[in-house]
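Chain residues, written in single-letter form:
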Amino acid sequence: MIFNDGLKMIELLSFLVSLVPFLELRIAIPLAIVLNPGISPITIFVICLTLNILAIPVAYFLLDIIVPPLRRRVKLVERLFQVAVRRAKKYQGLSLVGLALFVGVPLPATGAYTGVLIAYIAGLERKRSSLAIAIGVAIAGAIIWTLAVLGIIIIQGVSPS
């Protein structure tokens, strides 16, 4: 399937990985660089960064509106949420700078969704914690982008069609 501007579905999906919890831009940037050779790496960075930052209000929405009824109705969701709460409580004493740095470390389970969960559990003010998380996402994105552009991070077995 090809869209009006010539962007194929797989190429579009490479950007949307930025919205997937635990993958986020850590996977999206190197994947998009490989699958979109016709798009400049800086444009790829901006697109992935923007999408990953858009995940912050989505995560708050999920925690406010979607998760509570699911926790009441589905025992597995409640158990998974409690595991996440126990893990996030270790970090609830983080300052906003600490939260930004935590999210900025490009390791699994340190992205925007985890940052929102920590801020949510710690009761941090949303606007300020969202800004800290966005700064952390930008830091992680810059690190991953640099490593991907230099060829240090590659996605094995993926090639443009």
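Here, the structure is the one placed above.
Every value quoted in this text rests on a predicted model; they were computed, and no experiment measured them.

1. Describing the side chain of Arg-26
With respect to the helices and strands, the residue Arg-26 is situated in helix H2 (residues 24-35). Buried within the structure, Arg-26 lacks any salt-bridge partner; Glu-24 is the closest side chain of opposite charge, at an N-O distance of 4.3 Å. Within the local environment of Arg-26, its side chain forms a polar contact with the backbone oxygen of Val-105, the two atoms lying 3.3 Å apart. One polar contact links the side chain of Arg-26 to the main-chain carbonyl oxygen of Leu-107, over a distance of 3.2 Å. Discounting residues that sit within four places of it in the chain, Arg-26 has contacts with Val-103, Val-105, Pro-106, Leu-107, Thr-110, Gly-111, Ala-140 and Ile-144.

2. Some details on the nonpolar core
Residues Ile-29, Cys-48 and Ile-133 are the most contacted members of the largest nonpolar core, which totals 40 residues. For this core, the secondary structure elements donating two or more residues are H2, helix H3 (41-73), helix H4 (75-89), helix H5 (96-104), helix H6 (112-122) and helix H7 (126-149). Excluding anything up to four places from it in sequence, Ile-29 contacts Ile-44, Phe-45, Cys-48, Gly-141, Ile-144, Trp-145 and Ala-148.

Conventions used here
- Residues numbered from 1 in each chain as written.
- Predicted model: local features only at pLDDT ≥ 70, side-chain atom pairs only at ≥ 80, totals over all residues.
- Heavy atoms only, no water.
- Helix = DSSP H or I, 4+ residues; strand = E, 2+ residues; numbered from the N terminus.
- Buried < 20%, exposed > 50% of the residue type's maximum accessible area, 1.4 Å probe, protein only.
- Lys, Arg positive; Asp, Glu negative; His and termini not counted.
- Salt bridge = Lys/Arg side-chain N within 4 Å of Asp/Glu carboxyl O.
- Polar contact = N/O pair within 3.5 Å; in protein donor to acceptor, adjacent residues only side chain to side chain.
- Contact = heavy atoms within 4.5 Å.
- Core = buried A, V, L, I, M, F, W, Y, C linked by side-chain atoms within 4.5 Å.

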